[in-house]
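For reference, the chains in residue letters:
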Amino acid sequence: WLKSSHGSEAALFSSPTMLLEVNTLAGPLLSSFEADEAWTGRAVVEALAARTGLKADCTYRLCFGDEVLGPTRSLKEAGLVDGSTLFAVVIPCPYRKLMDRFKEKLAANKMTASVDDLLALQKLGEGAAPLAKELAGCADAECGPALRWHIVRTLACLGPEAVPELARFFRHSQQNVRDQAVASARRLASGKLWEDIRRLLPPENPDGKDVNAVDDSDYGDDSDNERQRPSTPPKRNQDRWL
């Protein structure tokens, strides 16, 4: 959770409400800056990285007391107030190398090999969320339909932060890409994010069913698609069931 590909999350908040100090574990002051209580751990890391010139293949882990300030936890939720001190540890950023390797293979048209990197990013889950915008851009590149679906499926593994990028594919001409994006956004979005995204969803049929409802049997074992399979056996097997 280094620097969000969407731009600075900290810029979304207006007037600062507290002064934060960030030290190294050894004790010396690393940086101090004003923050808003609504900032998440990711926003604090962005602000800190911008001030310290952190290398692209590294990130910060922020600690206070015996706890870690997670990327989606706000300062208010963590109980941090004006004058609070955080301790920063520099750690490797695993998703950056995976993403760079994936883009190299994509450029070299090594489609099958690049899927392995996408599967590795999926395992990182929300830890790779800052890649959402960059990854969505790769789906717009010249790649085959199968790889494009794998990219959108990977976006679905990055958590709520990827929902705005999934929205780019709600009306995509490739049906399984469109289906995956809609189903995943419905699962991930909630609260205000859901209200914003709901207006972008494709229309529904008069019977109330989604135009782009996903049949997860088309994609194998797909835990992202929370659909119930038909309770009635297929017609070709009905004689055997009677």
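Calculation notes
Residues numbered from 1 in each chain as written. Predicted model: local features only at pLDDT ≥ 70, side-chain atom pairs only at ≥ 80, totals over all residues. Heavy atoms only, no water. Helix = DSSP H or I, 4+ residues; strand = E, 2+ residues; numbered from the N terminus. Pairing = 2+ DSSP bridges. Contact = heavy atoms within 4.5 Å. Axes fitted to C-alpha atoms, helices over the stretch in contact; angles between N-to-C directions. Salt bridge = Lys/Arg side-chain N within 4 Å of Asp/Glu carboxyl O. Buried < 20%, exposed > 50% of the residue type's maximum accessible area, 1.4 Å probe, protein only. Parallel < 35°, antiparallel > 145°, perpendicular 65-115°, else oblique. Left-handed = near helix turned anticlockwise from the far one by under 90°. Nonpolar A, V, L, I, M, F, W, Y, C, P; charged D, E, K, R; others polar. pLDDT = per-residue confidence, 0-100.

Topologically, Pro 71 is positioned in the loop between strand 4 (67–68) and strand 5 (85–92). Along the primary structure Pro 71 and Trp 39 are separated by 32 residues, whereas in three dimensions their C-alpha atoms are 9.7 Å apart.

Before going further, it helps to spend a moment on the sheet that holds strand 1 (residues 18–24). An order of 2-1-5-3-4 is seen for the 5 strands of this open sheet, with the pairing classed as mixed. Each end of this open sheet is capped by a strand with a single partner; those strands are strand 2 (29–35) and strand 4. Helix-sheet contacts for helix 1 (residues 41–52) involve strand 1, strand 2, strand 3 (58–64) and strand 5, and the interaxial angle to strand 3 is about 120 degrees.

The next thing to look at is the pattern of salt bridges. Considering all chains together, one arrives at 10 salt bridges under this definition. Residue Arg 42 pairs with Glu 161 through a salt bridge whose shortest N-O separation is 2.8 Å. Taken together, the positions of Arg 42 in helix 1 and Glu 161 in the loop between helix 5 (145–156) and helix 6 (163–166) put the pair 119 residues apart, joining distant regions of the chain. Judged by relative accessible area, Arg 42 falls into the buried class, the value being 2%. Where Arg 168 meets Glu 165, a salt bridge forms, and the shortest distance between an N and an O atom there is 3.2 Å. Among the charged side chains, a network of salt bridges with common partners joins Arg 96, Asp 100, Lys 103 and Glu 134.

Time to look at the packing of helix 4 (residues 132–139) against helix 5. Look at helix 4 against helix 5: their axes get within 9 Å of each other, and the N-to-C directions meet at 165 degrees. Between helix 4 and helix 5, the crossing angle belongs to the class labelled roughly antiparallel. For the crossing formed where helix 4 meets helix 5, the hand is left-handed. Here helix 4 contributes Ala 132, Leu 135, Ala 136, Cys 138 and Ala 139 to the contact with helix 5, which in turn contributes Arg 148, Ile 151, Thr 154 and Leu 155. Grouping the amino acids of the contact of helix 4 with helix 5 by side-chain chemistry returns 7 nonpolar, 1 polar and 1 charged.

Once that is clear, we can look at the pairing of strand 3. Across the 7 residues of strand 3, 6 count as buried, placing the element largely inside the fold. The pairing of strand 3 with strand 5 spans 6 bridges and is classified as antiparallel. From the neighbouring strand, Arg 61 faces strand 5, where its bridge partner is Val 89. Sheet topology places strand 3 next to strand 4; 2 bridges connect them, and they run antiparallel. By the bridge assignment, Cys 63 is partnered in strand 4 with Val 68. Linking strand 3 back to strand 4 in an antiparallel pair, the connection comprises 2 residues, with Gly 65 at a positive phi of about 60 degrees.

Our next topic: the confidence of the model for the protein chain. Of all residues in the protein chain, 77% attain a pLDDT of 70 or more, and the chain-wide mean is 77. Within the protein chain, the element-level pLDDT minimum falls on helix 9 (residues 238–241), averaging 37, and the maximum on helix 5, averaging 93. Scored below 50 in pLDDT, residues 1–7 makes 39 contacts in the model with residues more than four places away or belonging to other chains.

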